[in-house]
Structure formats: C-alpha cells, structure tokens
Amino acid sequence: MEDKKILFSAVQPSGILTIGNYLGAIKNWKNLQNDYNSIFSGADLHTLTVKQDPQTLRANSYQLAALFLACGLDPEKSIIFMQSHVPAHAELAWVLNTITYPGELSRMTQFKDKSQKHQENINMGLMDYPVLMAADILLYNTELVPIGADQKQHLELARDLAIRFNGRFGELFKVPEPYFGKTATRVMSLQEPTKKMSKSDANLNSFISMDDDKDTIIRKFKRAVTDSDNKIIFSEDKPGISNLLTIYSAFRGISIKEAEAEFEGKGYGDFKVKVGETVADVIDPIRQEKNRILSDKTYIDAVLKDGAERASRIAYKVLSKVYKKVGLLPRSR
Ligand code: LTN
C-alpha cells in the first residue's frame, strides 16, 4: 500500500439503510478512499449483539456489500470485507477484553439505550460491543476513523485501550483519531423532525430508505411534516423545514444559505417536490445499481474474499505482535 494514512470504518448489516446513514457515512467514504488507505467493513459480528434471523442477516450482508459497491467504493482502491471473514477481529477483542473494566462498558450510552430497547436480550456481546469495535480499529494501525457523533464514546474507548495496552506492554498501537467530515449532517424524521431519522421507526413515512424508488421518495417528502408560515428558512423553531433544507443542501452539495436563496418566495409544496426529486435523482440510480450487483453473488463473494485476504495480511501482522507482547508463545510454522 502507498504511504498514505490508514482509515477504517464499518457499518452493521442490520437491514436497510436510510439516507441518514448514507449522508453520514458511505457517501463520504467514496471520496476518502482517494486520499487514504481505506478499509471498509461490514460489521456482521456486531450485528449479532441484537437478535437476528439468520437468513435475514445473510441477505442483509449481501445487501450491504452490494450497496458499498453501488455507492462507489472501489475494491481496487479500498479493502472491502466482512468482519467475520477475518477472525483476528474476534481474537484481538479477546485480548483487549483483558484490559477493559466492566464499568467502562456498562456506562456506555449506547449500551444503556440498547439494554432498554432489548430488555429480553441483554447479552455479554451487547456490553462488549465497544471492545470489538476497538479491535476493528486497532488491528490496522488505523489513524482515522470516520464516525457519526453517536460513536464518539466508542472511539474514545478504542483510544483509551490503545494507550493502556501501550503503557502496559510497550508501544504498539497507533492511537486513532475520529473523523467527523466537513458538515455534520444530522438527518431527522420526516414525520417528527425533532427525532433522528431511524429505519426502525414504525411509521414508514418518517424515513427514506436507500431501497425506496422515485415515486415513494417523492410521496414521502410531500407528506413531510412542516409548519404553516410558508417561509423556507433554516431556523430552530422550524425543525421540519430546516431538516428538508439540510437534506436538500447535502444532496446538492451546496450550503444551507444557497439552498435558502434558491427557494426564496417559493411555497412549501414546490419545495417538497424539489427536495424529493433531488434525493431520488441520487438514490434511485444507486438502488438500481445495487440490485444489479446483487444479482451476481459470485462477484460479491469474490470481492469479499479478496478483501478478507488483504485485510488478514495486515491484521495478522499486528495480532502476532500483540500476542508476542503479552507473552503468548510464537506458533511454529
Ligand atoms: N458501531 C458502528 C459500526 C462499527 C464501526 C467499527 C465504525 C463497527 N466497527 C469500527 C467505525 C470503526 C456503528 O454502528 N455505526
């Protein structure tokens, strides 16, 4: 690999993604892969921490891999693989577990939220989630980790564990930095614009999935909740309109100010249709390309196999240094 900084990120194959996930992660990855040695993973082991139907998980993993490719992640430029295909992730997580304190994990916001949400299945994996994520990151001497704000605490743990390990066993891990991107796009629900857009929302009109077709997208935007003063400006007391402006400007690659100027004097009806069309113009081709790629599982398997091989080569070099540092015997070859 060329002498560029190493960047690692991952998404869980836990079902359809929304335009929030797209704007928050994969859209930016496409550009980052030119500037960094980029490694992108489907975090399938993480997905097991909440109940999964095995068949659905398999389908979702193919969906995610195909979406990565359809969004422009390039297997020639980046390493694209499934976490479970590189056992070093689970192996490093074990070692990191031995330097992690239960209190560090039990006070994680996401653990507390998910424990609330899945009271029937509070398992050790759910609590250990951030340690596996630390392993994902540290295995590749990662310097940069593109993440959303919700993963900040987890990245902080990865940094703490890197520093703790280095302190105890000698310099080895790079201490990773978060990468939040230029604009923090926080996409809100179309129905309750004070809540984050979520694919698990019972109201299907509240989110745009990466699987929605053009008509569905436009219909959902037409139904988006706004207010009644008919001014298209970004303002705290206009969460609905502000959200639509955020989405529009992110998809157009323009500033909120420019978007406001474009719609000055226009009505909400026209505005909503325009936002819908703009989003659909980007999302619809991605969906079609994703479905085309999905029809060729052999191709996806080949991409993931190559990715896993390349990832393994890096990961096992680091893992064997970890094993040596902690005092495990070298394996004779
Ligand atoms: N927890 C992340 C997904 C994830 C990840 C990672 C992100 C798993 N491993 C390593 C960055 C680096 C999420 O759910 N967004």
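Above this text is the structure in question.
To keep things clear, this report deals only with the structure shown in the data block.

**Thoughts on a positive patch on the surface**
Among the surface-exposed residues, Arg-313, Lys-317, Lys-321, Lys-324 and Lys-325 lie close enough to one another that they form a single positively charged patch. Structurally, Lys-321 can be placed in helix H13 (residues 297–326).

**Section: the pattern of salt bridges**
For the structure shown, the criterion picks out 16 salt bridges. A salt bridge links Glu-309 to Lys-305; the shortest N-O distance between them is 3.6 Å. Taken as a pair, Glu-309 and Lys-305 lie in helix H13 at a separation of four residues, close to a single helical turn. Owing to a relative accessible area of 38%, Glu-309 belongs among the partly exposed residues under this scheme. Close ionic contact of Asp-306 with Arg-310 constitutes a salt bridge, the shortest N to O distance being 3.0 Å. Here the residue Asp-306 and the residue Arg-310 both occupy positions in helix H13, the gap between them amounting to four residues, near one helical turn. Connected through shared salt-bridge partners, Glu-156, Arg-159 and Glu-177 make up one network.

**Details of the packing of helix H4 (residues 88–97) against H13**
Where H4 contacts H13, the two axes come as close as 10 Å, and the packing angle between them is 25°. By the angle class used here, H4 and H13 are roughly parallel. For the element pair H4 and H13, the recorded crossing hand is left-handed. Packed against H4, whose contacting residues are Ala-88, Glu-91, Leu-92 and Val-95, the element H13 presents Ala-315, Tyr-316, Leu-319, Val-322, Tyr-323 and Val-326 at the interface.

**Focus on the nonpolar core**
The biggest cluster of nonpolar side chains holds 56 residues, and the ones touching the most others in it are Ile-19, Phe-68, Phe-221, Ile-247 and Val-279. At the level of secondary structure, the elements contributing two or more residues to this core comprise strand E1 (6–11), helix H1 (19–35), helix H3 (54–70), strand E3 (79–82), helix H9 (214–222), helix H10 (239–252), helix H12 (268–294) and H13. It is H12 that contributes the most residues to this core, nine residues altogether. Not counting residues up to four positions away in its chain, the partners in contact with Ile-247 are Ile-19, Val-187, Leu-190, Phe-221, Val-275 and Val-279. In terms of nonpolar packing, the next biggest core, distinct from the first, is built from 44 residues, Ile-6, Ile-79, Leu-138 and Leu-139 among them.

**Quick word on the environment of Gly-327**
In this fold, Gly-327 is placed in the segment after H13. Among the residues examined, Gly-327 registers a relative accessible area of 57% and is labelled exposed.

**Looking at the site of the ligand**
By nearness alone, 13 residues border the ligand, and Gln-12, Tyr-129, Met-133, Asp-136 and Gln-151 come closest of all. A distance of 2.7 Å separates a nitrogen atom of the ligand from a polar atom in the side chain of Asp-136. One of the side-chain N or O atoms of Gln-151 is found 3.0 Å from a nitrogen atom in the ligand. Across the complex, the protein chains shield 88% of the 370 Å² of accessible surface that the ligand would expose by itself. Secondary structure elements with two or more residues in the shell around the ligand: E1 and helix H7 (124–138). Class assignment of the residues belonging to the shell around the ligand gives a composition of eight nonpolar, four polar and one charged.

**Observations regarding unusual backbone geometry**
A positive phi is found at Asn-141, a non-glycine position, where the angle reads about 50°. Relative to the assigned elements, Asn-141 resides in the loop between H7 and strand E4 (144–146). The phi dihedral of Asn-230 is positive, around 60°, even though this residue is not glycine. Considering the arrangement of structural elements, one finds Asn-230 in the loop between H9 and H10.

**Some details on H3**
Helical geometry note: an α-helix holds 3.6 residues per turn, so side chains three or four residues apart project in the same direction. With 17 residues, H3 should reach 24 Å at 1.5 Å per residue; the first-to-last C-alpha distance of 24 Å fits that figure. Restricting attention to buried positions, one finds in H3 the residues Leu-57, Asn-60, Ser-61, Leu-64, Ala-65, Ala-66, Leu-67, Phe-68, Leu-69 and Ala-70. Of the residues one or two after H3, Gly-72 is the one with positive phi, at around 100°.

Rules behind the numbers
Residues numbered from 1 in each chain as written. Predicted model: local features only at pLDDT ≥ 70, side-chain atom pairs only at ≥ 80, totals over all residues. Heavy atoms only, no water. Patch = residues over 30% accessible without salt bridge, like charges linked within 9 Å, V, L, I, M, F, W, Y side chains within 5 Å. Areas by Shrake-Rupley, 256 points an atom, 1.4 Å probe, with all protein chains shown as cover. Salt bridge = Lys/Arg side-chain N within 4 Å of Asp/Glu carboxyl O. Lys, Arg positive; Asp, Glu negative; His and termini not counted. Charge placed at Lys NZ, Arg CZ, Asp CG, Glu CD. Helix = DSSP H or I, 4+ residues; strand = E, 2+ residues; numbered from the N terminus. Buried < 20%, exposed > 50% of the residue type's maximum accessible area, 1.4 Å probe, protein only. Axes fitted to C-alpha atoms, helices over the stretch in contact; angles between N-to-C directions. Parallel < 35°, antiparallel > 145°, perpendicular 65-115°, else oblique. Left-handed = near helix turned anticlockwise from the far one by under 90°. Contact = heavy atoms within 4.5 Å. Core = buried A, V, L, I, M, F, W, Y, C linked by side-chain atoms within 4.5 Å. Near = heavy atom within 4 Å. Polar contact = N/O pair within 3.5 Å; in protein donor to acceptor, adjacent residues only side chain to side chain. Nonpolar A, V, L, I, M, F, W, Y, C, P; charged D, E, K, R; others polar. Expected span 1.5 Å × (residues − 1).

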